[in-house]
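Working through the structure, step by step
Each chain, written out:
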Amino acid sequence: MAAKCQIPIRRVGSYGYAFADPLVEVKTAGAPTILYGLVDEEAAAAIVYQHVGQGKLLDGHIIGSRQRGKTIDGPVTAILVRDSSRDEGDKTEFFKESIHAELTEHGLADTVQVVSALDLGIYDEGLTVQLLPSGVTYTNVLSRDITRLVTESVQKQEVLDHLLYSSPDLQERIVLRNCGIIDPESLDDALRHDSYKGFVRALTEQSPEQVIDTVKTSGLRGRGGAGFPTGVKWELTRKPEADRKFVICNADEGDPGAFMDRSVLEGDPHAVLEGLMLAAFAIGACKGYFYIRAEYPLAVKRIQKAIDQTRERGLLGENILGSGWSFDAAIRLGAGAFVCGEETALIASIEGRRGSPEPRPPYPSVQGLWGKPTSINNVETLAAVPWIVAKGGEAYARFGTEKSKGTKVFAVTGKVLNAQLVEVPMGTSVRDIIFGICGGAQDAVPIKGVQTGGPSGGIIPEPYLDTPITYENLSELGSIMGSGGMLVMNENDCMVDVAAFYLKFCVDESCGKCAPCRAGGYQMLQLLQKIAKGRGEPGDLDLIRRICKAMQCASLCGLGQTAPNPVLSSLRFFEDEFLAYIEGGTSYARKLKKARAEGRNLKDVV
Ligand SMILES: Cc1cc2nc3c(=O)[nH]c(=O)nc-3n(C[C@H](O)[C@H](O)[C@H](O)COP(=O)(O)O)c2cc1C
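Presented here is a report on the structure given in the accompanying data block. Computed from a prediction, not measured in an experiment: that's the story for all the values here. (Residues numbered from 1 in each chain as written. Predicted model: local features only at pLDDT ≥ 70, side-chain atom pairs only at ≥ 80, totals over all residues. Heavy atoms only, no water.)

Things to note about unusual backbone geometry
Residues Asp21 and Pro22 are joined by a peptide bond in cis, for which omega reads -10°. Checked against the element boundaries, Pro22 lands in the segment before strand S1 (24-26). That bond from Pro361 to Pro362 is cis: its omega, 5°, falls within 30 degrees of zero. The topology assignment puts Pro362 in the loop between helix H11 (343-350) and strand S11 (374-378). We note that Asp194 has phi near 75°; this positive angle belongs to a residue other than glycine. Structurally, Asp194 is set in the loop between helix H4 (187-192) and helix H5 (197-205). According to the relative accessible area criterion, Asp194 is partly exposed, its value standing at 46%. For Trp370, which is not glycine, the phi dihedral falls at a positive 50°. (Helix = DSSP H or I, 4+ residues; strand = E, 2+ residues; numbered from the N terminus. Buried < 20%, exposed > 50% of the residue type's maximum accessible area, 1.4 Å probe, protein only.)

So, the nonpolar core
If you look at the biggest cluster of nonpolar residues, it comprises 63 residues, and the most contacted ones within it are Trp234, Val272, Phe290, Ile292 and Phe327. When sequence neighbours within four positions are dropped, the list of residues in contact with Phe290 reads Cys249, Val272, Leu273, Leu276, Ile303, Ile307, Ala329, Ala330, Ile331 and Arg332. (Core = buried A, V, L, I, M, F, W, Y, C linked by side-chain atoms within 4.5 Å. Contact = heavy atoms within 4.5 Å.)

Here's the deal with the site of the ligand
For the ligand, the set of nearby residues contains 19 residues, the closest of which are Gly224, Lys233, Asn250, Asn378 and Thr381. One nitrogen or oxygen atom from the main chain of Gly341 is found 3.3 Å from an oxygen atom belonging to the ligand. Taken by itself the ligand offers 610 Å² of open surface, and the protein chains cover 90% of this. Mapped onto the shell around the ligand, the elements with two or more residues apiece are S11 and helix H19 (558-562). Top contributing element to the shell around the ligand by residue count: S11, with three residues. (Near = heavy atom within 4 Å. Polar contact = N/O pair within 3.5 Å; in protein donor to acceptor, adjacent residues only side chain to side chain. Areas by Shrake-Rupley, 256 points an atom, 1.4 Å probe, with all protein chains shown as cover.)

Focus on the packing of aromatic side chains
Applying the stated rule across the entire model yields 15 aromatic pairs. Aromatic side chains Tyr581 and Tyr588 sit 5.4 Å apart centroid to centroid with 90° between the ring planes, which places their arrangement in the edge-to-face category. Residue Tyr588 is classed as buried on the basis of its relative accessible area of 15%. Following the ring pairs from residue to residue traces out a cluster consisting of Phe199, Phe281, Trp325 and Phe327. If you follow Arg221 out to its NZ or CZ, it ends over the ring of Tyr471, 4.0 Å from the centre. Geometry around Phe574 places Lys448 over its ring, the cationic atom sitting 5.6 Å from the centre. (Phe/Tyr/Trp six-rings, centres within 6.5 Å; stacked < 30°, edge-to-face > 60°. Lys NZ or Arg CZ within 6 Å of the ring centre and 35° of its normal.)

Written as structure tokens, this is what we have:
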């Protein structure tokens, strides 16, 4: 009887390749790791029978390696093929067959498999092939290159320099370092991937002040939107004398289109917990809370599991690892109010009060949860901290620009080819993210602009896409980094509707406590909706600008202060569209609405 072979199946968190979910990775000793995307039941069965059982790759589902090899050190076992050109027919099948025919001619068809790839992470470089296991990647391959590809690269294991693609990966995964790699429900697996190393080192070898200094050196700024320097926030919370102090992880992610925090909580909960523990150690907190929106049940489950597992091992609770320091963590659920992501509203919500904001100062670092000094940090901010403590502040500060250091995770969605999470060094251009990493426009309709920062942000129009992303550059353009949502819009998106959409979100989510936000937002929405119906009047745009100013100056919290941003940004770059609606009247508005409903190109209608 044949011996049963043991093949472990591990669940991991999200890789962030939203365009190809769900994903399966097959790791075989001595062979390249293969990542499959768009895996339905049928594909999963085929992966088991075909790949695991017979060692054959599955056609059309493979996401090629992002690690590009430079040399071929052993036999080529597979060739992945993908046409990466835009606006042209798919040449993948033709090339696949041509390569196969050439391999057959040289007696290699049985040893080298040729399969089409779902995505190789390369765009606009013509026909692209990747040789496995080396990862050597060729771009702009022509029919005439195929013979040399087979005779030189496959037979002689020589690299064809003129075709070699050697551009570096634009991404740098620090926050996402373990996402898609570890089993998020296994502490042992997290420990194997260096989780809690930084925390144990800090606890046993460093003082809280040293941890704060490391984070200050790193230049890390809050990733929840406001961009406040994290080390400074911790220092401010450490200073005041108090019998109790608290740390809170803000996991109330509510921006439309944002899924960064969710992916990190689900994919690497131990990174966030370790970050919270380091924050607690640095400021001297006795208790920490994860404030997680209730719509994220998997994130809640995995964080709870991480808390339970670390408590069992003595990493959390009384007298941690015999150090004399005690700290514990718990989860509080947010009930779905966007404003509860604002610090003072969040604190009120945890205390069991109505989640509406309070005027600041006093800031939570002085008077926060139950009147005690409290540090509130975003999920992504906390997830970066263990890496920083383990590798040093300077290592993190080497990424990014002078004033915006490190990396930032963005959730790229909308009219983009490959919607996904990306993590890039600060200073990477919007164009590189949209075109270089995510493959550019969907359906070849030209991109009109990219909304960053959600309802508190603004639009970066196409001519400004080369802007390097930094806190300063984005604010100069009237937008913000925000928490990292990036919504790509194309020429068929109407900016009047986009402005109204974001404003409506803020109007719906306003807590109603202060009049500028409650009344101003509502009045402005009425005006925008009136314009969208072609009933706008010439003075409306001035009135909108005046309301925006009043809201920015007089609103109690960030929700009302920033709600005008998408409106002002749309007016700044696309005022013509608003004027066209006002001047064109109802028939113009009806014409556009009809064209949009029929899926026609707006350019052909206007
Ligand atoms: C209306 C509103 C909603 C917010 N929502 C969130 C949120 O969901 N997550 C978050 O981390 N920060 C959110 N913030 C920002 C937080 O108030 C705060 O700045 C952040 O949690 C601080 O952490 P950081 O310094 O690590 O960014 C929101 C702010 C406002 C005004």
